[in-house]
Amino acid sequence: MTEPFSVPVTVRGYETDVQGHLNQAVYLNYAEHARWSLLQAAGISQTGLISRGVGPVALETTIRYRRELLAGDEVEVTCAFDWGSGKTFRIEQTIRKTDGTVAAEVTGVGGLLDLKERRLVADPREYFKELASDPALFGL
């Protein structure tokens with residue numbers, strides 16, 4: 001199995017709470033940043049999605065906090081798509097310190113929304129294959 005796509009992030013002081021820990025909501029921002037970075041790396045832009053009349057939607061997100069992150073910590077945020085057979089897909093993400101310590105695990109369920117019909121498309125994999133210049137980044 002190949003390593004999942006990842007992006008580096010440095011925890012900024014203004015992202016921390018009164019205890020000096022990374023604020024809980026910021027983990028979601030890091031995960032979102034990695035997802036859009038993956039789309040971009042695969043050749044999919046927001047403009048490209050809109051021109052096809054579709055947009056990604058988050059249906060469920062779970063965060064498991066494992067270890068604290070502090071200002072100045074450097075992390076890698078991974079992103080791997082897990083395709084099922086229906087309208088939804090899973091996204092598995094790990095936020096890991098450079099020493100290998102897992103700080104958080106983010107699991108999401110997503111779909112691809114038909115922007116006109118306001119319903120999920122039947123097979124999001126086909127859209128990602130068609131739109132991506134490098135569908136292998138999605139495991140396709």
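In this text the structure is predicted, and so the values were computed from the model without any measurement.

The rules we used
Residues numbered from 1 in each chain as written. Predicted model: local features only at pLDDT ≥ 70, side-chain atom pairs only at ≥ 80, totals over all residues. Heavy atoms only, no water. Helix = DSSP H or I, 4+ residues; strand = E, 2+ residues; numbered from the N terminus. Rg over C-alpha atoms; globule rule 2.2 N^0.38 Å. Buried < 20%, exposed > 50% of the residue type's maximum accessible area, 1.4 Å probe, protein only. Phe/Tyr/Trp six-rings, centres within 6.5 Å; stacked < 30°, edge-to-face > 60°. Core = buried A, V, L, I, M, F, W, Y, C linked by side-chain atoms within 4.5 Å. Contact = heavy atoms within 4.5 Å.

Draft legend 1. Molecular detail of the overall build of the chain. Looking only at helices and strands, one finds three helices and six strands in the chain. Listing every helix and strand of the chain by position from the N terminus yields β-α-α-β-β-β-β-β-α. Taking 140 residues into account, the globule formula puts the C-alpha radius of gyration at 14 Å, and the chain, at 16 Å, falls close to it. When its C-alpha atoms are laid out on the principal axes, the chain stretches across 45 × 30 × 25 Å. In the chain, which comprises 140 residues, the share counted as buried stands at 36%.

Draft legend 2. Inspection of the packing of aromatic side chains at higher detail. A complete count under the given rule lists nine aromatic pairs for this structure. For the pair Phe 81 and Phe 138, a centre-to-centre distance of 5.0 Å together with 85° between the ring planes defines the contact as edge-to-face. With Phe 81 in strand β3 (residues 74-83) and Phe 138 in the segment after α3 (124-131), the pair connects residues that are 57 residues apart, well separated along the chain. The same class applies to Phe 81 and to Phe 138, which are both buried. Note on Phe 89 and Phe 128: the rings are 5.8 Å apart at their centroids and 85° apart in plane angle, and the pair reads as edge-to-face. Residue Phe 89 is located in strand β4 (residues 88-97), and its partner Phe 128 is located in helix α3; the two are separated by 39 residues in the primary sequence. Residues Phe 89 and Phe 128 agree in their burial class; the two are buried. One aromatic cluster in this structure is built from Phe 81, Trp 83, Phe 89, Phe 128 and Phe 138.

Draft legend 3. Fine view of the nonpolar core. Residues Tyr 30, Leu 69, Val 77, Phe 81, Ile 95, Phe 128 and Phe 138 are the most contacted members of the largest nonpolar core, which totals 34 residues. Residue assignment for this core shows that the elements contributing at least two residues are β1 (5-10), α1 (24-41), β2 (54-65), β3, β4 and β5 (102-114). Here this core gets seven residues from one element, more than from any other, and that element is α1. Non-local contacts of Tyr 30, meaning those with residues more than four positions away in its chain, are made with Val 9, Thr 10, Val 11, Arg 12, Glu 15, Leu 22, Val 77 and Ile 95.

Purely spatial values, then, with no claim about function.
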